[in-house]
Amino acid sequence: MAGQVSDNKSTTAKFVPEDRKGLHKPNSVEWMLMVAGISICGIGSWAVAVGLMIFLGAFYSGFFVKPQVKRGLYFGPCPHCGATMSATHYQDELDCPSCRGMVRVRNGRYEAI
Ligand SMILES: [Zn+2]
């Protein structure tokens, strides 16, 4: 194994941002609030204002507010076995689908754990 890779095995993982032109995609919480807002409207006339407010708030947040997290995928070779693997932006630890080795995603690199 000597000389194969350095002690802290890591490979470059290329970040590919999710292609999003125009409107953003609401997350599950925002979808839920939109549905909840509409349901509240059905309770009665007094609830329409409240329901509408929740709906519009979630709608606005979902489609027009930039997500704080840059969504996308990391692509790169597994530091354990070299097989190409991908990680979503919210994963910081995952196992390689080929060798089951644990990999940490950090600073745009895959690090062997
Ligand atoms: Zn692997």
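Here's a quick rundown of the structure. (Residues numbered from 1 in each chain as written. Predicted model: local features only at pLDDT ≥ 70, side-chain atom pairs only at ≥ 80, totals over all residues.)

## Points about the sheet that holds strand β6 (residues 102-106)
Stage number 1. Read across the open sheet, the 4 strands follow the order β1-β7-β6-β5; overall the sheet is antiparallel. Whereas interior strands pair on both sides, the edge strands pair on one side only; in this sheet they are β1 (10-12) and β5 (93-95). With direction set aside, neighbouring strand axes in the sheet form an average angle of 30°.
Stage number 2. Pairing between β6 and strand β7 (residues 109-112): 4 bridges, direction antiparallel. The residue bridging Arg 104 from the neighbouring strand is Glu 111, located in β7. (Pairing = 2+ DSSP bridges. Helix = DSSP H or I, 4+ residues; strand = E, 2+ residues; numbered from the N terminus. Axes fitted to C-alpha atoms, helices over the stretch in contact; angles between N-to-C directions.)

## What to know about the packing of helix α1 (residues 28-41) against helix α2 (residues 45-63)
When two helices pack together, their arrangement is given by the angle between the helix axes and by the axis-to-axis distance.
Stage number 1. Two elements in contact, α1 and α2, have axes separated by 7 Å at closest approach and are oriented at 160°. Between α1 and α2, the crossing angle belongs to the class labelled roughly antiparallel. Remark: the crossing between α1 and α2 carries left-handed chirality. Of the residues in α2, those touching α1 at Glu 30, Leu 33, Met 34, Ala 36, Gly 37, Ile 38, Ile 40 and Cys 41 are Ala 47, Val 48, Val 50, Gly 51, Leu 52, Ile 54, Phe 55, Ala 58, Phe 59, Ser 61 and Gly 62.
Stage number 2. Split by residue class, the contact of α1 with α2 holds 14 nonpolar, 4 polar and 1 charged. (Parallel < 35°, antiparallel > 145°, perpendicular 65-115°, else oblique. Left-handed = near helix turned anticlockwise from the far one by under 90°. Contact = placed C-beta atoms within 7 Å. Nonpolar A, V, L, I, M, F, W, Y, C, P; charged D, E, K, R; others polar.)

## Some points on unusual backbone geometry
Stage number 1. Positive phi, close to 65°, is recorded for Arg 100, a residue that is not glycine.
Stage number 2. Of note, Arg 100 is situated in the loop between β5 and β6.
Stage number 3. A count of 10 C-beta atoms within 10 Å places Arg 100 in the exposed class.
Stage number 4. Positive phi, normally seen in glycine, also occurs at Asn 107, with a value near 50°.
Stage number 5. As for its placement among the helices and strands, Asn 107 is situated in the loop between β6 and β7. (Buried ≥ 20, exposed ≤ 12 C-beta atoms within 10 Å, placed from the backbone.)

## Some remarks on the sheet that holds strand β3 (residues 72-77)
Stage number 1. Ordered by their spatial adjacency, 3 strands build an open sheet running β2-β3-β4, and the pairing between neighbours is antiparallel. One side of each edge strand has no neighbouring strand; the edge strands of this open sheet are β2 (14-17) and β4 (84-88). For this sheet, the mean inter-axis angle between neighbouring strands, taken without regard to orientation, is 25°.
Stage number 2. As paired elements, β3 and β4 share 5 bridges and run antiparallel to each other. From the neighbouring strand, Leu 73 faces β4, where its bridge partner is Thr 88.

These values are about where atoms sit, not about what they do.
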